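Listed below, chain by chain, are the residues.
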Amino acid sequence: MKLIDLITAQSARLKTAGVSFGHGTTNAFDEAAWLVLWALGMEPGELEAKAQREVGDDEHARAEALVTQRIVSRRPAAYLTHEAWLQNVPFYVDERTIVPRSFIAELLADAENEGTLDAWLTDRTQRVLDLCTGNGSLAVIAAMAYPEITVDACDISQDALAVAHINVERHALSARITLLQSDLFANVRGPYDLIVCNPPYVNAASMALLPPEYRAEPALALAGGSDGMDLVRRILADAPAQMSDEAVLVLEIGNERRHFERAHPRLEVAWLPTSAGDDQVLLVTRDALLRHRRAAR
Ligand SMILES: C[S@@+](CC[C@H](N)C(=O)[O-])C[C@H]1O[C@@H](n2cnc3c(N)ncnc32)[C@H](O)[C@@H]1O
């Protein structure tokens, strides 16, 4: 059998089984390609050149077994392969942290093309905080995109920080990324010029409906209370004290724009377009946070 036919067949199995996507892929074919290539010891980028290569019986059996494991366990592919890719950067992953997929990564990686985020940064953007760093992916991608910055990356979970440590070491960035255990801003060392944050923001009703793949991830990384905004409220209240004068906060809120706007109806934010749409990631300046606080008094 040819490689492309094996992937197509495994893709059909995933579809029939009704597994959920969203942890690095959005459809059955891409998920099957990931699992099959990994089982064959191939890199994700090799498919195009090697699609017509013959697959041996052993290889076929290995790939099929991995897809079976994916179907039976309903765990995200990255927990089976212990590897996930974000913006073409590989990350180690296991159940101690969520699978990297933040749309903030697109905005950071776009820096090389002077993308959306650059309009909000200055030559003085040097100190960056990755709040709720989890697997460390945003800290690593930020450090790669902006060679002149240093990053503090914090998380409340020691387990998540252990995974972030593996990723920081893997990309030889320990001289520029410092990992800190911190309940939000409690132990951080501001002021920072840029804060990026993909916090837990899933509301309670959505948490109750999550497919098994999402329930395999730490609830601490996803659950944001009844309207999803528990952590976001604390972040917006405490951020200004850790921001330099011209600093900005880039915050992912997923599908929770309705809840965000209900919780902060008068806060001036800029919505940053990503491949998921233009209402998943927002940017707010320190000035806007302070104005909002004054107006609320
Ligand atoms: C949605 S995950 C984001 C992980 C990573 N930044 C990413 O985008 O893949 C949220 C992270 O927030 C952490 N977290 C939850 N509550 C926290 C708190 N009070 N203070 C700091 N981190 C917290 C969780 O442990 C989890 O790693």
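Preceding block: the structure.
Please read these numbers as outputs of a predicted model, since none were measured by experiment.

Basis of the calculations
Residues numbered from 1 in each chain as written. Predicted model: local features only at pLDDT ≥ 70, side-chain atom pairs only at ≥ 80, totals over all residues. Heavy atoms only, no water. Near = heavy atom within 4 Å. Polar contact = N/O pair within 3.5 Å; in protein donor to acceptor, adjacent residues only side chain to side chain. Areas by Shrake-Rupley, 256 points an atom, 1.4 Å probe, with all protein chains shown as cover. 1 Å grid on protein atoms, 1.4 Å probe; cavity = no way out; pocket = protein on both sides within 12 Å on 5 of 7 lines; lining within 4 Å. Sits in = over half its atoms within 2 Å of the grid points. Nonpolar A, V, L, I, M, F, W, Y, C, P; charged D, E, K, R; others polar. Points joined across faces, edges and corners; volume = space filled by probe spheres on them. Helix = DSSP H or I, 4+ residues; strand = E, 2+ residues; numbered from the N terminus.

Okay, the site of the ligand next. Every one of the 20 residues lining the ligand counts as a neighbour, but Cys132, Asp155, Asp183, Leu184 and Asn198 are closest to it. Residue Asp155 places a side-chain N or O atom 2.6 Å away from an oxygen atom belonging to the ligand. Interatomic distance of 2.8 Å between a backbone N/O atom of Leu184 and a nitrogen atom of the ligand. Look at the ligand: alone it shows 600 Å² of surface, and the protein chains cover 96% of it. More than half of the atoms belonging to the ligand lie within 2 Å of the grid points that define the second largest pocket. Of the residues belonging to the shell around the ligand, the class tally is 10 nonpolar, eight polar and two charged.

To continue, consider the layout of surface pockets. Considering only enclosed or pocket space, the largest pocket measures out at about 1300 Å³ in volume. Residue lining of the largest pocket: 45 residues in total, with Gly22, Gly24, Thr25, Pro100 and Arg101 positioned closest to the centre. Within the residue set of the lining of the largest pocket, elements represented by two or more residues are α2 (28–39), β1 (83–86) and α6 (104–109). Broken down by element, the residue count for the lining of the largest pocket peaks at five residues, all from α2. Here the lining of the largest pocket is composed, by residue class, of 24 nonpolar, 14 polar and seven charged. In this structure, the second largest pocket spans a volume of roughly 490 Å³. What lines the second largest pocket is a set of 33 residues, and nearest its centre among them are Cys132, Asp155, Pro200, Leu220 and Ala221. For the lining of the second largest pocket, the elements supplying multiple residues, two or more each, are α7 (137–145), β4 (150–155), α8 (158–170) and α11 (230–238). Looking at the lining of the second largest pocket, its residues break down into 17 nonpolar, nine polar and seven charged.

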